[in-house]
Amino acid sequence: MRILISNDDGVTAPGLAALHAALADYAECSVIAPDQDKSGASSSLTLDRPLHPQALANGFISLNGTPTDCVHLGLNGLLAETPDMVVSGINLGANLGDDVLYSGTVAAALEGRFLGGTSLAFSLLSRQPDNLPTAAYIARRLVEAQARLQLPARTVLNVNIPNLPLEHIRGIQLTRLGHRARAAAPTKVVNPRGKEGYWIAVAGDAEDGGPGTDFHAVMQGYVSITPLQLDRTFNDAFEQLDGWLEGVL
């Protein structure tokens, strides 16, 4: 088993080290990760400059690009052998509901869709690493169990882990994505030379976070697993659109 590990917090992030340590004795692990924090990079590719991989002393590969760049290169020639699966994380911070649209953690896993198997993205609901051992243990257990999965190709499992000691985790729930309310307005700043700028505000609170959603599961102390696919086609809209288009041309 060959696993490609990446993240969006950067190659020196504690969550990346914890994930690698959890899997290193289970599979042949390669790590390719951004050289800096790329949170919010989504599935962007770097097309305006070359990418320069750099091998670090711990064997990880640092790349001056996005999480998707890292996995793209890993699957297309940077590694001597093609990985069998992609695992992303462990992100410090939630990737719930609408977060998956922006998440570089989820995007790295999505780029592994070309392998045909199931990729996994792991996030811990904290910016602090105190309960990383919990997340690492759960990641190991789920990766071990992945061999028994028979999901459709191009499926990603988005895993969110409560910020709790392992003994306080109540179990695992399969969930759908909830939805966040609109974010607060950006914060305007002015630098010493009078130039205006804006900080993007934090994500909105859960607006659709009831039972069955990823928000609800983690707030109740459960690990949330949400299966994702790249296809965003809104099939239920076809019937109404057919009528709407009659006579347009």
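Quick look at the structure, then. For every chain, the first residue of its written sequence is number 1, and the numbers climb from 1 along that sequence. Reporting in this predicted model follows two pLDDT cut-offs: at least 70 for local features of residues, and 80 or more for side-chain atom pairs to be given and counted; totals over whole chains, interfaces and linings ignore these cut-offs and use all residues. Side-chain numbers here rest on the full set of heavy atoms in the structure, without hydrogens or water.

## Some words on the packing of helix α2 (residues 67-75) against helix α3 (residues 104-111)
Note on geometry: axes are lines fitted to C-alpha atoms, helical ones only across the stretch in contact, with angles between N-to-C directions running from 0 to 180 degrees. Helix and strand assignments follow DSSP, with helices taken as H or I runs no shorter than four residues and strands as E runs no shorter than two, numbered in order from the N terminus. Where α2 contacts α3, the two axes come as close as 8 Å, and the packing angle between them is 20°. On the basis of the axis angle, α2 is roughly parallel to α3. For the element pair α2 and α3, the recorded crossing hand is right-handed. Only Gly104, Ala107, Ala108 and Glu111 of α3 make contact with α2, whose side of the interface consists of Pro67, Thr68, Val71, His72 and Leu75. Residue composition of the contact of α2 with α3, by class: 5 nonpolar, 3 polar and 1 charged. An angle counts as roughly parallel when it lies under 35 degrees, as roughly antiparallel when it exceeds 145, as roughly perpendicular when it falls between 65 and 115, and as oblique in every other case. Here is the rule for handedness: rotate from the far helix to the near one, and if that takes an anticlockwise turn smaller than a right angle the crossing is left-handed, while a clockwise turn gives right-handed. The contact criterion used is simple: two residues touch if any of their non-hydrogen atoms lie within 4.5 Å. Any residue outside Ala, Val, Leu, Ile, Met, Phe, Trp, Tyr, Cys, Pro, Asp, Glu, Lys and Arg is labelled polar, Gly included; the first ten of those are nonpolar and the last four are charged.

## A closer look at the nonpolar core
Take the buried Ala, Val, Leu, Ile, Met, Phe, Trp, Tyr and Cys residues and link them wherever side-chain atoms come within 4.5 Å; each set so joined is a nonpolar core. For every residue, the accessible area obtained with a 1.4 Å probe (protein chains only) is divided by the maximum for its type, and the residue is called buried under 20%, exposed over 50%, and partly exposed between those limits. One finds Ile3, Ile90 and Phe122 to be the most contacted residues of the largest nonpolar core, which totals 33 residues. Of all the elements in the fold, those that place two or more residues in this core are β1 (2-6), α1 (14-23), β2 (28-34), β5 (85-92), β6 (119-124), α4 (132-145), β7 (155-161) and β13 (222-229). Looking at this core, the element that brings in the most residues is α4, giving 7 residues. Setting aside residues no more than four positions away along its own chain, Ile3 makes contact with Leu23, Tyr26, Ala27, Glu28, Cys29, Ser30, Pro83, Met85, Val87 and Val143.

## Describing unusual backbone geometry
A cis amide bond links Gly89 with the next residue in sequence, Ile90, at an omega value of -10°. With respect to the secondary-structure elements, Ile90 resides in strand β5. The phi angle at Ser42 is positive, at roughly 50°, despite the residue not being glycine. Owing to a relative accessible area of 23%, Ser42 belongs among the partly exposed residues under this scheme. A positive phi angle is found at Arg154, which is not glycine, with a value near 70°. Considering the arrangement of structural elements, one finds Arg154 in the loop between α4 and β7.

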